[in-house]
Amino acid sequence: MVEGITKEGNRYRKLTSVLLAGVLACGTVAAPVAALADDGTAGTVTINGNSTNPGGYSAYKIFSGDVTAGQTPANKLANIDWASTNMAKAVMNSINSIKAGTFDKTELAITATGNDASMASAQKAAQWMHDNVTGGADGTDSTKVNTDRSVTNKNLQYDAAAKKIANAVYAAGDAAAYTLTAGQAASFADGYYVIVNTASVTGTDEMGTAPIFTTAGGAPVTAIEKTSTPTVKKEVTDDATGAKLATVADADTGQNLAYTLTGTIASNFNDFDDYYYQFTDTLSGLDMQNSDTSSVKVAVDGKDVTTKAKIAYNKDAGKLTVAFDDLKDCGVALTTASKVVVTYNAHLTAAASTAAAGNDNTVALTYASDPMNNSHATTKPDSVKTHAYKLHLQKQDRSTNKALAGAQFTIQQNKGDEGTTMYVKADGSLTANKADAILSTNDSGVLEVSGLDVGTYTLHEETVPANYNAVPDSTFTIAATYNNNDATATLTNTVAGGKDAFAGQLVFAGLGNDQASANAAKGDNATAIASSGVVNVTVEDVKTVEMPLTGEQGIMLIEILGVGVVGISVAAAMRNRRKDASQSQVQA
């Protein structure tokens, strides 16, 4: 609203008065507004910062003038003039970039303030700001100029009038009139100011305020930053139930897991010329098959924008990045409630850790953080842990504890997370082909397999060492309880059979930290420390020995003696016959 404007020379100084309170005092675009307080010291300005801002503000003076007290609304600014010629040119050129031809060459050629021409152009600029920057009931503002995304001139697309003016003021070259600390009142001379962050906003979880416009010099002014910090969350889908889990999952080698990344945006996103936005996801113990990113999908508010994103996967570094140079160009009209969702699949690798701490997979969000420059900041990372387990099998003689090499086993997973029955291969992956899953003990009688999922397994001895008896089939169970509400979720409960659970069998198991002692034939049951994530199974074979029959040696001796006696008797009889025959011949 303009009161008493005339065209009669010096009468401008006396008669021009613009209702800046509620017009300029609260005139921003998607920015915090100056809320006038009724108490405190006149002429003070206080900025209440939020925890996402490093603090420290600079106030640049646009207009000088005289604040008239005792009027409604408060803080009217009369006798408006430019604070400097630099400021005059910066603001008028900025307005012309939004609405061409608003100021002519003569007005732009200003060389001094404090004269009729200077005051006339200042009044005109104030009127234009009143007409084109309107305050919203929720404290946000919108411009009446070029809010349509179809405008071909990108410099005008989505650029709020106040934001463009603030940028021009910031770049005008004038020194800051005042500096402020968050939460502390500062005394200002009468005038109209724009307040911005003093330093670049680049720290973790930091977010710069949108420009704050305010009249100062009358009633105390308190402004609250109108901004919010983007957030990011990572989740994994439970392969057994299909539910999304915030912090933890378990899997076997080669198993695909579905991950979801969800990011929010700053409430003042519209104050950025280009709203940079990038997910950086670090995969530990995971990989994308052949570095294929075809499973990566990106959506904004439920609409697929995958083709608008820059997607890259670095296999060596284990990093997936999904980026937008300007999220406002994604093809979806953003709102302060907009969410960006990335989904992808990755499988557990044979190199995944089996320690109970799990494999920590993290995501962080890098975003445009200061509307006044190209600064970027990054959120604190959010993580999901992926767990896998290891089998350490010791094959030994039951009587001597001697290690037995050359034994062959199959390990069958019985209805694991996925409700399937499969055989475990040497790398921990699963197969339906039993022939591909024959596992052998080494010279130390040890068989180790990493990358096992939770579930129940049946151990079958396929080939037994020579002169030993096979043990009957036995089962062991890997089970874990996680605290899913804890971002540092670890294994908090373990079950793996235990010696007592295998009573009467020749197999016993335990989940322990010390593999060697846990695998001793007289080892403890399954109450050992869980920090290793190792399932220890001991398989004891009984040696076969061919025992002689009772009395077998005596019988053999008698038989030998009997044969000897018979032989001697036969020989004697033959000699007697020959002797009798000879005597008969002599007598004849």
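Residues numbered from 1 in each chain as written. Predicted model: local features only at pLDDT ≥ 70, side-chain atom pairs only at ≥ 80, totals over all residues. Heavy atoms only, no water.

Participant: So what's going on with helix H4 (residues 116-132)? Which residues, and what values?
Facilitator: Helix length check: H4 (17 residues) gives 24 Å between terminal C-alpha atoms against 24 Å at 1.5 Å per residue, within 8%. Looking at H4, one finds that the buried residues are Ser118, Met119, Ser121, Ala122, Gln123, Ala125, Ala126, Gln127, Trp128, Met129 and Asn132. (Helix = DSSP H or I, 4+ residues; strand = E, 2+ residues; numbered from the N terminus. Expected span 1.5 Å × (residues − 1). Buried < 20%, exposed > 50% of the residue type's maximum accessible area, 1.4 Å probe, protein only.)

Participant: Quick one: what's the story with the packing of helix H2 (residues 85-98) against helix H5 (residues 161-170), residue by residue and with numbers?
Facilitator: With their axes 9 Å apart at the nearest point, H2 and H5 run at an angle of 145° to one another. As H2 packs across H5, the resulting crossing turns out to be right-handed. Side by side, H2 and H5 meet where Met87, Ala90, Val91, Ser94, Ile95, Ser97 and Ile98 of the first sit next to Ala161, Lys164, Ile165, Ala168 and Val169 of the second. Split into classes, the residues belonging to the contact of H2 with H5 amount to nine nonpolar, two polar and one charged. (Axes fitted to C-alpha atoms, helices over the stretch in contact; angles between N-to-C directions. Left-handed = near helix turned anticlockwise from the far one by under 90°. Contact = heavy atoms within 4.5 Å. Nonpolar A, V, L, I, M, F, W, Y, C, P; charged D, E, K, R; others polar.)

Participant: Tell me what's going on with the packing of aromatic side chains, and back it up with residues and numbers.
Facilitator: According to the stated counting rule, one finds twelve aromatic pairs in the structure shown. With a centroid separation of 4.9 Å and an interplanar angle of 75°, the aromatic rings of Phe188 and Tyr193 are classed as edge-to-face. Like Phe188, the residue Tyr193 is buried in the burial classification. Through a chain of ring-to-ring contacts, three or more aromatic side chains come together here, namely Phe269, Phe272, Tyr275, Tyr277 and Phe279. In this arrangement the basic side chain of Lys124 is found over the ring face of Phe103, its NZ or CZ atom lying 5.0 Å from the centre. Sitting over the ring of Tyr259, Lys234 keeps its end group 4.8 Å from the ring centre. (Phe/Tyr/Trp six-rings, centres within 6.5 Å; stacked < 30°, edge-to-face > 60°. Lys NZ or Arg CZ within 6 Å of the ring centre and 35° of its normal.)

Participant: Any details on the pattern of salt bridges? Residues and values, ideally.
Facilitator: Enumeration according to the criterion identifies ten salt bridges in this entry. Between Glu448 and Lys390 there is a salt bridge, and its shortest N-O distance comes to 3.4 Å. Here Lys390 lies in strand E28 (residues 389-397) and Glu448 lies in strand E33 (residues 446-452), a separation of 58 residues in the sequence. (Salt bridge = Lys/Arg side-chain N within 4 Å of Asp/Glu carboxyl O.)

Participant: Describe the nonpolar core, naming the residues involved and giving the relevant values.
Facilitator: By size, the foremost hydrophobic cluster in this structure holds 47 residues, and its most contacted members are Tyr275, Tyr277, Phe279, Phe324, Leu327 and Tyr344. Listed by contribution, the elements that provide at least two residues to this core are strand E14 (232-237), strand E17 (256-264), strand E18 (277-282), strand E20 (297-300), strand E23 (319-324), strand E24 (339-348) and strand E25 (359-368). If you tally residues by element for this core, the top one is E24, at five residues. What Tyr277 contacts, discounting residues up to four positions off in sequence, is Gly263, Thr264, Ile265, Val322, Ala323, Phe324, Leu327, Val340, Leu365 and Thr366. Counting residues in each nonpolar core, the second largest holds 33 residues, with Val67, Val91, Ile110 and Ala126 among its members. (Core = buried A, V, L, I, M, F, W, Y, C linked by side-chain atoms within 4.5 Å.)

Participant: Now, about unusual backbone geometry: what can you tell me, with residues and values included?
Facilitator: Trans is the prevailing form of peptide bonds, just as negative phi is the prevailing case for residues other than glycine. Phi is positive for Asn79, which is not a glycine, with a value near 55°. In this fold, Asn79 is placed in strand E6 (residues 76-82). Residue classification places Asn79 among the buried residues on the basis of a relative accessible area of 18%. A positive phi angle is found at Asp301, which is not glycine, with a value near 50°. Tracing the backbone through its elements, the reader meets Asp301 in the loop between E20 and strand E21 (303-304). With relative accessibility at 41%, the residue Asp301 sits in the partly exposed group.

Participant: Now, about the pairing of strand E13 (residues 221-224): what can you tell me, with residues and values included?
Facilitator: On a regular strand, one side chain projects to one face of the sheet and the next to the other, so that they alternate. What you see with E13 is a clean split: Val221 and Ala223 sit on the buried side and Thr222 and Ile224 on the side with no burial. Pairing between strand E4 (residues 44-48) and E13: four bridges, direction parallel. If you follow Ile47 over to E13, its bridge partner there is Ala223. (Pairing = 2+ DSSP bridges.)

Participant: Describe the pairing of E14, and please don't skip the residues or the numbers.
Facilitator: With five bridges connecting them, E14 and E17 associate as antiparallel partners. Its bridge partner lying in E17, Val232 is registered against Gly263. Pairing between E14 and strand E15 (residues 244-245): two bridges, direction antiparallel. Within the sheet, the bridge partner assigned to Thr237 lies in E15 and is Lys244.

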